[in-house]
Amino acid sequence: GENVEQHPSTLSVQEGDSAVIKCTYSDSASNYFPWYKQELGKGPQLIIDIRSNVGEKKDQRIAVTLNKTAKHFSLHITETQPEDSAVYFCAASKGNTPLVFGKGTRLSVIA
Amino acid sequence: GAVVSQHPSRVICKSGTSVKIECRSLDFQATTMFWYRQFPKKSLMLMATSNEGSKATYEQGVEKDKFLINHASLTLSTLTVTSAHPEDSSFYICSARNSQINYGYTFGSGTRLTVV
């Protein structure tokens, strides 16, 4: 089955700097790669996603890149703000199968 | 946008009792819903896949008799933790897949279960 590895497990950045979180997946048939933000005591919130027919997607300060050949995808957050502090999860699926999650990255943005 | 309502958000129960958690898709039909369990500072672990009108598919190691799942309608799935024990204390999260949209997964806000 699918296995998703996520790095780093913790990340601290200064406010205004960029943050990058990387994930790799094992199943070449996976074609959907969402990123979720989870705040303490709450469910995951989708922040951006990408499908396998696209190499990059951007939404304001957030971008995701996908390298299908290498089977890895990354989340980029620019101009970080304290409210970006949370746990971020990457995930992968074949579109109609359950999402398989990475282990999460705890991002701390220091003001 | 798609909204999934999960209730209760927090519940405390005594050992040996049962607790039911509801997951409702408010503005879309969900033929498939997923139940996850999350331990503190850990990732989401899939427990089972629930399909409307049929039996749930449980992941390896998840006791189907302890975690009863019912998906009786296109908008409601329930998870019942039976004969709860302190080790069942956890954060439970449901996710509903929008049948009409490819790749449409929406998560509930989670239920914090504490068994005392």
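Residues numbered from 1 in each chain as written. Chains lettered and ligands numbered in written order. Predicted model: local features only at pLDDT ≥ 70, side-chain atom pairs only at ≥ 80, totals over all residues. Heavy atoms only, no water.

Peer 1: Sorry if this is basic, but what is going on with the sheet that holds strand β7 (residues 62-67) of chain A here?
Peer 2: Strand pairing in a sheet relies on backbone hydrogen bonds, with the paired strands running either antiparallel or parallel. Residues and elements named next belong to chain A. Pairing within the open sheet is antiparallel, and its five strands lie in the order β1-β3-β8-β7-β6. Strands with a single pairing partner mark the edges of an open sheet, and in this sheet they are β1 (4-7) and β6 (56-59). Averaged over neighbouring strand pairs, the angle between their axes works out to 15° when direction is ignored. Across six bridges, strand β3 (residues 19-25) lies against strand β8 (residues 72-77) in antiparallel orientation. Along β8, the bridge assignment pairs A19 with I77. (Pairing = 2+ DSSP bridges. Helix = DSSP H or I, 4+ residues; strand = E, 2+ residues; numbered from the N terminus. Axes fitted to C-alpha atoms, helices over the stretch in contact; angles between N-to-C directions.)

Peer 1: I would appreciate a short explanation of the interface of chain B and chain A in the present structure.
Peer 2: Bring the parts together and some accessible area is lost; that lost area is often taken as the interface size. Contacts between chain B and chain A engage 18 residues on the former and 20 residues on the latter. Both faces considered, chain B and chain A share a buried interface measuring about 1500 Å² in area, 59% of it formed by carbon and sulfur atoms. On inspection of chain B and its partner chain A, the count reaches zero salt bridges. Run the count over chain B and chain A and you get six residue pairs in polar contact (both at pLDDT 80 or more). Only β4 (32-38), β5 (44-51), β9 (90-97) and β10 (105-107) of chain B provide two or more residues apiece to the side of chain B that touches chain A. Across the side of chain B that touches chain A, the residue classes tally to nine nonpolar, six polar and three charged. (Contact = heavy atoms within 4.5 Å. Buried area = accessible area lost by both parts, 1.4 Å probe. Salt bridge = Lys/Arg side-chain N within 4 Å of Asp/Glu carboxyl O. Polar contact = N/O pair within 3.5 Å; in protein donor to acceptor, adjacent residues only side chain to side chain. Nonpolar A, V, L, I, M, F, W, Y, C, P; charged D, E, K, R; others polar.)

Peer 1: Looking at this model, I keep getting lost on the pattern of salt bridges. Mind explaining?
Peer 2: Side-chain pairing between opposite charges can occur once the charged atoms of the two side chains come close. Following the criterion strictly, the structure yields seven salt bridges over all chains and no others. When the shortest N-O distance is used, the salt bridge between B:E22 and B:R24 registers 3.5 Å. Among the charged side chains, a network of salt bridges with common partners joins A:K37, A:E39 and A:K42.

Peer 1: Before we go on, may I ask you to explain the sheet that holds strand β7 (residues 67-73) of chain B in this structure?
Peer 2: Residue and element names in this part refer to chain B. The four strands are arranged β1-β3-β8-β7 in an open sheet whose pairing can be described as antiparallel. Strand pairing shows two members of the sheet lacking a second neighbour, β1 (4-7) and β7, which therefore form its edges. Across the sheet, the mean angle separating the axes of adjacent strands is 15° when strand polarity is ignored. When β1 meets strand β3 (residues 19-25), the two strands line up antiparallel, connected through four bridges. Bridge pairing in β3 places H7 opposite E22.

Peer 1: I would appreciate a short explanation of the packing of aromatic side chains in the present structure.
Peer 2: Within a pair of aromatic rings, the relevant descriptors are the distance that separates the centres and the angle that separates the planes. As enumerated under the stated definition, the model contains 13 aromatic pairs over all chains in all. Residues A:F89 and A:F101 carry aromatic rings whose centres are separated by 6.2 Å and whose planes lie at 90° to one another, so their mutual orientation is edge-to-face. Of the two residues, A:F89 sits in strand β9 (residues 86-92) while A:F101 sits in strand β10 (residues 100-101), which places them 12 residues apart along the sequence. Using a relative accessible area of 9% as the deciding quantity, one classes A:F101 as buried. For the pair B:F67 and B:Y92, a centre-to-centre distance of 6.2 Å together with 45° between the ring planes defines the contact as tilted. Here B:F67 is found in strand β7, whereas its partner B:Y92 is found in strand β9, with 25 residues between them in sequence. When sorted by exposure, B:F67 lands in the same class as B:Y92, which is buried. Members of the aromatic cluster, each reached through a chain of ring pairs, are A:Y36, A:F89, A:F101, B:Y36 and B:F107. (Phe/Tyr/Trp six-rings, centres within 6.5 Å; stacked < 30°, edge-to-face > 60°. Buried < 20%, exposed > 50% of the residue type's maximum accessible area, 1.4 Å probe, protein only.)

Scope: geometric values only; no functional claims are made or implied.
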